[in-house]
Amino acid sequence: MIKLVISNQRGGVGKTTTTLAFARHLAGKGKRVLVVDTDPQGSVSVTLGLKPSSYLSHFIGLRYALKDCIVSAHPSIDVVCSSRDTVQAEAMLMGAVGREQAFVHLFTPVEAGYDVILFDVAPSVTLLQTCAMVYCGKALVPVDMDPLSLHGAVATHELTRILNELLRTDVRVAGLLPTQVNLRLQMTEVITNSLKSFAERASIPLLPAIRTDTTVTKATKQRIFLQDYDDTCKAMEDYRTAFETLLSLLEASPHVPIAAQA
Ligand SMILES: Nc1ncnc2c1ncn2[C@@H]1O[C@H](COP(=O)(O)OP(=O)(O)O)[C@@H](O)[C@H]1O
Ligand SMILES: [Mg+2]
């Protein structure tokens, strides 16, 4: 089973785009995918134009059954959408004993229905991001060609280090994914070089890059998956290569789940 958090402490770097393209890529390979949006901005439902009747807050805070909180985005992709109420649900978790384990308790019982669970998270360190990291054990970090995005990636790596120290977990960054790459821009070269040395220093795999492609925003305007808008566009061509590399890395080092603590 694949469980992955798509994270970077900076916004606008391609987290939601990457989450949805990966979900659709895996669905195309016959996998049953659950996408969980923990960002109170609710970007996943906005991007796909989904209209859920219940949200992540109902699942976490009111303990609704998962089946009542999902909306179908594709025959093989269910989505738990997020709304501003996610903030209240998160506040409720704050006081709980062993709160970082909350997603282990909430999602382990529903795992059997899926081959893949992906978490799209907010661009800030939140308890829900910590919960997703502890549950998944692995993060994919998209980095666009901006110095702040690189700082955000370093911060995500630092978060995994702190979690592992404090909670004795084994959370790792499975890969750094360069996004919105335009080789004609000097900044791309600068960031790519810094990203390479960070990846080497931290022993994190650097995945093949995703080029800037206006097709991405066109697909979002149509509220459909990038693959269903134009499977032959250059961003999709790059995503396919990056996802296949990522899948072989994930297969090579499967996550050993930590035991849920009572
Ligand atoms: N490869 C790409 N080429 C062009 N635009 C992109 C690409 N990837 C993402 N974008 C655009 O960048 C913006 C931010 O992407 P998004 O996935 O929402 O980032 P995040 O979830 O990190 O905030 C969106 O408008 C998206 O359409
Ligand atoms: Mg987003």
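Provided above is the structure to which this section pertains.
None of the values given here were measured: they were computed from a predicted structure.

Asks: I would appreciate a short explanation of the pattern of salt bridges in the present structure.
Replies: Note on pairing: side chains with opposite charge can pair once their charged atoms come close. Enumeration over the complete set of coordinates arrives at twelve salt bridges. Residues K29 and E244 are paired through a salt bridge, measuring 2.9 Å at the closest nitrogen-oxygen approach. Here K29 is found in the loop between α1 (15–28) and β2 (33–37), whereas its partner E244 is found in helix α11 (residues 234–252), with 215 residues between them in sequence. The partner of R172 in a salt bridge is D170, and the shortest N-O contact between them spans 3.0 Å. Its relative accessible area of 45% is what places R172 among the partly exposed residues. Here the salt bridges share partners, and the residues they tie into one network are E158, R161 and E165.

Asks: Sorry, what's going on with helix α6 (residues 127–136) here?
Replies: Since the α-helix turns once every 3.6 residues, residues separated by three or four places project in the same direction. With respect to burial, α6 is a largely interior element, ten of its ten residues being buried. Taken together, the buried positions of α6 are occupied by L127, L128, Q129, T130, C131, A132, M133, V134, Y135 and C136. Positioned one or two residues after α6, G137 has a phi angle of 80°, which is positive.

Asks: Is there a simple way to think about the layout of surface pockets in this case?
Replies: There is about 430 Å³ of room inside the largest pocket. Forming the boundary of the largest pocket are 24 residues, of which G12, V13, G14, T17 and Q180 lie nearest the centre. Looking at the lining of the largest pocket, the elements with two or more residues in it are α1, α9 (215–221) and α11. For the lining of the largest pocket, the residue count by class is seven nonpolar, twelve polar and five charged.

Asks: Just to check I follow, could you spell out the side chain of T188 for this structure?
Replies: Summarising the element assignment, T188 is placed in helix α8 (residues 186–202). Filtering out sequence-adjacent residues up to four positions away, T188 remains in contact with M145, V181, N182 and L183.

Asks: Please clarify how empty space enclosed by the protein should be interpreted in this entry.
Replies: Over the atoms a probe the size of a water molecule is rolled, and this reveals where empty space is left. Inspection of every chain in the model, using the stated rule, returns one cavity of 30 Å³ or more. In terms of lining, the largest cavity is formed by T17, L20, A21, T47, L48, V216, A219, T220, I224, F225 and L226. Mapped by element, the contributors of at least two residues to the lining of the largest cavity are α1, α2 (43–48) and α9. Partitioning the lining of the largest cavity into residue classes produces eight nonpolar, three polar and no charged.

Asks: Please explain the site of ligand 1 as it appears in this structure.
Replies: Lining the immediate environment of ligand 1, one finds 14 residues, of which G12, K15, T16, T17 and D213 sit closest. T16 is positioned with one of its backbone polar atoms (N or O) 2.9 Å from an oxygen atom of ligand 1. Between ligand 1 and the protein, one listed contact pairs an oxygen atom with a side-chain N or O atom of Q180 at 3.3 Å. Protein coverage of the free-state accessible area of ligand 1, which is 560 Å², stands at 77%. Applying the majority rule of atoms within 2 Å of the grid points places ligand 1 in the largest pocket. The set of elements that each furnish at least two residues to the shell around ligand 1 consists of α1 and α9. Considering each element in turn, the shell around ligand 1 owes the most residues, three residues, to α1. Its residues assigned to classes, the shell around ligand 1 shows three nonpolar, eight polar and three charged.

About the criteria used
Residues numbered from 1 in each chain as written. Chains lettered and ligands numbered in written order. Predicted model: local features only at pLDDT ≥ 70, side-chain atom pairs only at ≥ 80, totals over all residues. Heavy atoms only, no water. Salt bridge = Lys/Arg side-chain N within 4 Å of Asp/Glu carboxyl O. Helix = DSSP H or I, 4+ residues; strand = E, 2+ residues; numbered from the N terminus. Buried < 20%, exposed > 50% of the residue type's maximum accessible area, 1.4 Å probe, protein only. 1 Å grid on protein atoms, 1.4 Å probe; cavity = no way out; pocket = protein on both sides within 12 Å on 5 of 7 lines; lining within 4 Å. Points joined across faces, edges and corners; volume = space filled by probe spheres on them. Nonpolar A, V, L, I, M, F, W, Y, C, P; charged D, E, K, R; others polar. Contact = heavy atoms within 4.5 Å. Near = heavy atom within 4 Å. Polar contact = N/O pair within 3.5 Å; in protein donor to acceptor, adjacent residues only side chain to side chain. Areas by Shrake-Rupley, 256 points an atom, 1.4 Å probe, with all protein chains shown as cover. Sits in = over half its atoms within 2 Å of the grid points.

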